[in-house]
Amino acid sequence: MEYIDRGHVQKKMRTRLLLNKVFKYLFLAATLFGLVFLAILITRVFIDSIGWLDFSFLTNRLSFNPEIAGIKGAAAGTLWLMVIVGPVTMTLGVGTAIYLEEYAKKGRLHSFIQTNISNLAGVPSIVFGLLGLTVFVRVLGFGSSIIAGGLTMSLLVLPIVVVAAQEAIRSVPGFLREASYGMGATKWQTIKKVVLPAAIPGILTGMILALSRAIGETAPLVALGIPALIIPVPGSIFDNFTALPMQVYYWTIDSALTAEYLNLAAATIIVLLVVLFLMNSVAIIIRNKFQKRY
Amino acid sequence: MSSLTSFDPEESKEKNENQSPTITKDRPKAPVYQTKALNLWYGQTHALKDINLPIFENEVTAIIGPSGCGKSTYIKTLNRMVEMVESVKISGEILYRDKNIFDKNYRVEELRTRVGMVFQKPNPFPKTIFENVAYGPKVHGIRDKKLLKQIVENSLKGAAIWEEVKDRLHENAYGLSGGQQQRLCIARCLAIEPDVILMDEPTSALDPKSTLKVEELVQELKKNYSIVIVTHNMQQAARISDKTAFFLNGEVVENEKTDFIFSTPNDNRTEDYISGRFG
Amino acid sequence: MSERLNVKEAIQAKRKNNKSVFVEKMVPVILFLAAFISIITTIGIVGTLTYETILFFREVSFTEFFTTTDLSPLNPTDPKFSILPLLMGTVMSSLIAMFVAIPIGLTTAVYLSEYASSNSRKVLKPMIEVLAGIPTIVYGFFAFTFVTPVLQEVIPILDRTNVLSPGIVMGIMIIPMVASLSEDAMNSVPNSMREGALALGATPLEVAFRVVIPAAISGIIASFVLGISRAIGETMIVTIASGSTKNFTFDVTQSMQTMTAYIVEVTSGDAGAGTTAYFSLYAVGMTLFVFTLLMNMFATYITRRFREVY
Ligand SMILES: Nc1ncnc2c1ncn2[C@@H]1O[C@H](COP(=O)(O)OP(=O)(O)OP(=O)(O)O)[C@@H](O)[C@H]1O
Ligand SMILES: [Mg+2]
């Protein structure tokens, strides 16, 4: 006598395989769901921006009259922010990464700093805004200026740069270090001349990610109290400013009153997305170009 | 033109101090390195056990032994690279030119400037050929462009690779073949005019032809440098070395003239090993 | 014929007057200072939040803050400070977000790790991750100007600002996070376990749910927790699309203010420094910070504690 009824198994098998197939397409549909949403979003925003996004939109200043309003001031503000965020996060981020990877002994202090950085990465951006409001705007008296915004943003994206730089440094093969030490180079010479040059692609990719994040972040800037008023195009880091995402924010919430503001917001979003797309393309090119060199 | 002549020969004479510059086979040469009661642990692993070993000037010393016996560990101890492993603990002394390299005040960078190293896998920097060779001199503060050029040329000649690369000095070193890369690494090492060259299985990643080239090079280099070479290849050891040290389980079983080791070794274990009975 | 060189002497000469010893000693100190900035940042966050929160609780009692349900910070005659309406807004919007993100994120992960060929995975994964790179202000715009009107067609009672629409959009924003962290966890399940089950005649579906997901469960749960933490901290989507009504209700068709949106409202309003409304920012910020920090630490803990060793 057989313990297993073959016929029964066969029958069950058919339903099991069918189920497998059905679920496979269900899972595929779920996977595509996000992409479809993304496509609708971009199409929709693009349609809203048609007729509003032209060259004068980029070069005009902000105005309450939607017909002549442009984003020159906001774009300049965003650029100014990057002028601070770029060097500050590069210095602090790479410095921290070198310290953790090359100098710090793997002990309490090391894991404390490491844990601290990963916890900071999870702190909501609005909380960084509160920190910036207290420390930079009020205590240090910078007001709602570019430097206050830039420093707040730098602290916010710092963990991204640190983690990317750490990974880049860690992936520099040991034999390159050995070669350098073997020549009698000191530790710092080895880091400066061998490790960092080899880690540069990874560090740059991380920097681009961090800057993309900083370009799109809105919440911390709102918390710093940047007004929706018409502000002159900033000329120094101590000037007041507005930035592209801030512009999107104010135009969006005011679109209930002036319908055309919705189109202006959409046009600004397109500008923002194009900038982010270009930056990420550069990151991908860097990554592909420098992959597997050893 | 023999490029080696351009490496100030006076220098090597000075090293010998009161010895005659013409070294003959029978005369005892000055020891460059003296290893005394050296013990080394990786954490709990006792990797080197009570090593006593002299290394002589202008000789090729081969280190042989089965895998894991501590050859690499020993050679890396000679320029203190082994200390890059955090768990390493060392006792005993190694005298280099009569100074203990483990002395508190001894600067490792100083030591490594005098003792060059060539690694098992060719490890050029991802820079141009020129920059690779100029790396050492630059690190040690030589900025003069003309001098650097001269050093690069001489070193590449010294490593017998000049003819192959002279027209592509500013191309990336990774475009070279494995054998060329290894000779480039030797050139890089020569650029700081070391006194001793340590080589850890320098030919094990190379094809037979490149191996032959490197072996010939070693023969040539020994006129001006003292060389310590780790090898798994008995023929190679027999071909190119003057002395051979046989390591087993972290101990030196035998250290003798190469001819002697390969003909009439004192220890059975040495005989077993070189005749291929184990390892 | 080349000139005679004296490299050794040149090196020796340089060595005598070099500053390298000093540099070598200073570099780690300077780098440590850079690393220390991240600690100062944390101290800054915890310090300011704590300090101003203490000032807040001098004027408002714990019981009022945590047990009553009225919030009207800018009322000139009788301001009320309860966090419960904000907590409700945060919890409801995050719940909706996770209703979207968990099923879609997890099934996406299953598809990518168990069904997709390595080529289609190489295309699909970065495309899904694009979703995570879109600034949240863009999602806010979209929720407010597109998703809400569309939903209103289906649910006529839906308010112009409501919790439902930003909740859904936030969920979509979080999909890549859940998907890629879960997929990483599933990918680290060794193939031998899959092969074992397949060899017994299991279908890929059964392998996914009986073998892979159970084996990767800690990583998957961690991805959920991190997703929730992200939803709690998300600001712009809810600020724009959920409005600023301080509503203590379960009705997601109405406007409800979240903790994050409250901070935006009060900072962009004109609550002068020193007023109770100003201090309330920090009390709310503190609550937000503690919540997200606990979730992140919890996620780290479960991945460490329950990491399967193969
Ligand atoms: N970084 C390390 N950490 C711990 N133990 C090590 C380390 N490097 C080597 N060892 C141990 O020390 C012993 C000697 O290793 P070593 O690399 O010197 O051997 P070897 O003679 O060079 O071998 P091979 O011929 O394979 O290169 C081995 O037992 C090895 O496992
Ligand atoms: Mg070895």
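Residues numbered from 1 in each chain as written. Chains lettered and ligands numbered in written order. Predicted model: local features only at pLDDT ≥ 70, side-chain atom pairs only at ≥ 80, totals over all residues. Heavy atoms only, no water.

An unreviewed UniProt entry lists chain B under the name Phosphate ABC transporter ATP-binding protein, with Salipaludibacillus neizhouensis given as the organism.

As annotated in an unreviewed UniProt entry, chain A carries the name Phosphate transport system permease protein PstA and is attributed to Salipaludibacillus neizhouensis.

Details of the interface of chain C and chain A
Each side of the interface is counted separately: chain C has 73 residues, and chain A has 72 residues. Summed over both sides, the interface between chain C and chain A buries roughly 6300 Å², with carbon and sulfur atoms accounting for 79% of that surface. Counting the contacts that link chain C with chain A gives one salt bridge. One salt bridge connects glutamate 206 of chain C with arginine 16 of chain A, and the closest N-O pair in it is separated by 2.6 Å. One can count 12 residue pairs in polar contact (both at pLDDT 80 or more) joining chain C with chain A. Per-element accounting of the side of chain C that touches chain A gives the leading share, 18 residues, to helix H2 (residues 20-59) of chain C. For the side of chain C that touches chain A, the class distribution of residues is 48 nonpolar, 21 polar and four charged. (Contact = heavy atoms within 4.5 Å. Buried area = accessible area lost by both parts, 1.4 Å probe. Salt bridge = Lys/Arg side-chain N within 4 Å of Asp/Glu carboxyl O. Polar contact = N/O pair within 3.5 Å; in protein donor to acceptor, adjacent residues only side chain to side chain. Helix = DSSP H or I, 4+ residues; strand = E, 2+ residues; numbered from the N terminus. Nonpolar A, V, L, I, M, F, W, Y, C, P; charged D, E, K, R; others polar.)

Here's the deal with the environment of alanine 219 of chain A
Inspection of the secondary structure assignment puts alanine 219 of chain A in helix H9 (residues 219-223). A C-alpha to C-alpha distance of 28 Å links alanine 219 of chain A and glycine 202 of chain A, two positions 17 residues apart in sequence. The residues contacting alanine 219 of chain A, other than those within four sequence positions of it, are Ser125 and Ile126 of chain A together with Thr235 and Met236 of chain C.

Overview of the packing of aromatic side chains
Residue and element names in this part refer to chain B. Throughout the structure, instances matching the rule amount to 27 aromatic pairs over all chains. Measuring from ring centre to ring centre gives 5.2 Å for tyrosine 33 and tyrosine 96, while their planes differ by 45°; the resulting arrangement is tilted. Residue tyrosine 33 is found in strand E1 (residues 31-42), and its partner tyrosine 96 is found in strand E4 (residues 88-96); the two are separated by 63 residues along the sequence. Its relative accessible area of 4% is what places tyrosine 96 among the buried residues. With a centroid separation of 4.5 Å and an interplanar angle of 45°, the aromatic rings of phenylalanine 125 and tyrosine 135 are classed as tilted. With phenylalanine 125 in the loop between strand E6 (115-118) and helix H4 (129-139) and tyrosine 135 in helix H4, the pair connects residues that are 10 residues apart, well separated along the chain. (Phe/Tyr/Trp six-rings, centres within 6.5 Å; stacked < 30°, edge-to-face > 60°. Buried < 20%, exposed > 50% of the residue type's maximum accessible area, 1.4 Å probe, protein only.)

Points about the sheet that holds strand E9 (residues 243-248) of chain B
Residues and elements named next belong to chain B. Strand order in the open sheet made by the six strands is E6-E7-E8-E3-E9-E10, with mixed pairing throughout. Pairing within the sheet leaves two strands with one partner each, and these edge strands are E6 and strand E10 (251-257). Mean inter-strand twist for the sheet, computed between neighbouring axes without regard to direction, equals 15°. In terms of strand pairing, strand E3 (residues 60-64) meets strand E8 (residues 226-230) through four bridges, oriented parallel. Its bridge partner being in E8, alanine 62 is matched across the sheet by isoleucine 229. Seen against the sheet, helix H7 (residues 178-190) touches E6 and strand E7 (196-200) and runs at an angle of roughly 170° to E6. (Pairing = 2+ DSSP bridges. Axes fitted to C-alpha atoms, helices over the stretch in contact; angles between N-to-C directions.)

Concerning the pairing of E4 of chain B
Residue and element names in this part refer to chain B. Inspection of the sheet shows E1 paired to E4 by eight bridges, in the antiparallel sense. Bridging across to E4, tryptophan 41 finds its partner in lysine 89. Pairing analysis gives two bridges linking E4 to strand E5 (residues 99-100), with the strands arranged antiparallel. Within E5, the residue paired with leucine 95 across the bridge is asparagine 100. Count of turn residues in the E4/E5 antiparallel hairpin: two residues, of which arginine 97 carries a positive phi of about 50°.

As for the site of ligand 1
Residue and element names in this part refer to chain B. Around ligand 1 sit Tyr42, Ala47, Ser67, Gly68, Cys69, Gly70, Lys71, Ser72, Thr73, Val85, Glu201 and His232, and those are all the residues in its vicinity. At 2.6 Å from an oxygen atom of ligand 1 is found a side-chain nitrogen or oxygen belonging to serine 72. In the complex, 63% of the free accessible area of ligand 1, which totals 630 Å², lies under the protein chains. By residue number, the principal contributor to the shell around ligand 1 is helix H2 (residues 71-78), which donates three residues. Residue composition of the shell around ligand 1, by class: four nonpolar, six polar and two charged. (Near = heavy atom within 4 Å. Areas by Shrake-Rupley, 256 points an atom, 1.4 Å probe, with all protein chains shown as cover.)

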